Amino acid sequence: MQASALEDDEANAIHDTADGAAVFSSGASVHLLNDTRDFAPNPSRGHVLSVDYAAYRPAFGSDNTFDVLTTRFGGYLGLDPKTTLAFDLYGDFRAGAVPWNELSALGGDQRMRGYY
């Protein structure tokens, strides 16, 4: 019986946080984009700069007050007709009372191509 009670306590760990079992996040955001790539799906020259900022506030209906800044800079340089030098810098920054389900994650459907 003792082990079962401990397992129940661990299973309810999220329920016992300040946010509880569910959190609602709502805010306002701004998206800035500068894209000079020659062909977005497979570029050989140009760059892409993306900056996204979101402010989650109770005034917008959010349960928590926090900010999210996501940046990306990708550069592409064609060395010859079959070779392209490319790089990608990505940053995801969050500050304030960020709920557990809004924390940064590694990878996803838009990042970290390959096998998990």
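Anything mentioned here points back to the structure above.
Counting restarts for each chain: residues are numbered from 1 in the order of the written sequence. Reporting of local features is limited, given that this is a predicted model, to residues whose pLDDT is at least 70; pairs of side-chain atoms are given and counted only at 80 or more, and all residues count toward the totals for whole chains, interfaces and linings. For side-chain calculations, the full set of non-hydrogen atoms in the structure is used, while hydrogens and water are omitted.

Participant: Help me understand the packing of aromatic side chains in this model?
Facilitator: Working definition: an aromatic ring pair is given by the centre-to-centre distance plus the angle between the planes. Think of it this way: a Phe, Tyr or Trp ring, Trp meaning its six-membered ring, pairs with another when their centres are within 6.5 Å, and the plane angle makes it stacked under 30 degrees, edge-to-face over 60, tilted otherwise. Evaluation of the coordinates by the stated rule reveals two aromatic pairs. When the ring of Tyr56 is compared with that of Phe66, the centres are 4.4 Å apart and the planes differ by 10°; the resulting orientation is stacked. Here Phe66 lies in strand S3 (residues 66-80) and Tyr56 lies in strand S2 (residues 46-56), a separation of ten residues in the sequence. Under the relative-accessibility criterion, Phe66 is labelled buried at 1%. Each ring, one from Phe73 and one from Phe87, has its centre 5.9 Å from the other, and the planes form 45°; the classification is tilted. Taken together, the residues span a long stretch of sequence, with Phe73 in strand S3 and Phe87 in strand S4 (residues 83-96) at a distance of 14 residues. Exposure classes here rest on a 1.4 Å probe applied to the protein chains alone. A residue is buried below 20% of its type maximum, exposed above 50%, and partly exposed in between. Judged by relative accessible area, Phe73 falls into the partly exposed class, the value being 29%. Where helices and strands are cited, they refer to DSSP runs of H or I of at least four residues and of E of at least two residues respectively, numbered from the N terminus.

Participant: What's the story with the environment of Pro81 in this structure? I'm lost.
Facilitator: Position of Pro81 relative to the elements: it lies in the loop between S3 and S4. Judged by its relative accessible area of 87%, Pro81 is exposed. On a C-alpha basis, the gap between Pro81 and Ser44 in space is 8.6 Å, while along the polypeptide they are 37 residues apart.

Participant: Just checking my understanding: could you explain the sheet that holds S2 for this structure?
Facilitator: Across a sheet, strands are paired by hydrogen bonds formed along the backbone, either parallel or antiparallel in direction. Note: two strands are recorded as paired if DSSP finds a minimum of 2 bridges between them. Judged by pairing direction, the sheet is antiparallel, and its four strands sit side by side in the order S1-S2-S3-S4 without closing on themselves. In this open sheet, the two edge strands, each paired with only one partner strand, are strand S1 (27-35) and S4. With strand direction ignored, the average angle separating the axes of adjacent strands in the sheet is 5°. Under this scheme, a helix contributes an axis fitted over its contacting stretch, all axes are lines through C-alpha atoms, and angles between N-to-C directions fall in the 0 to 180 degree range.

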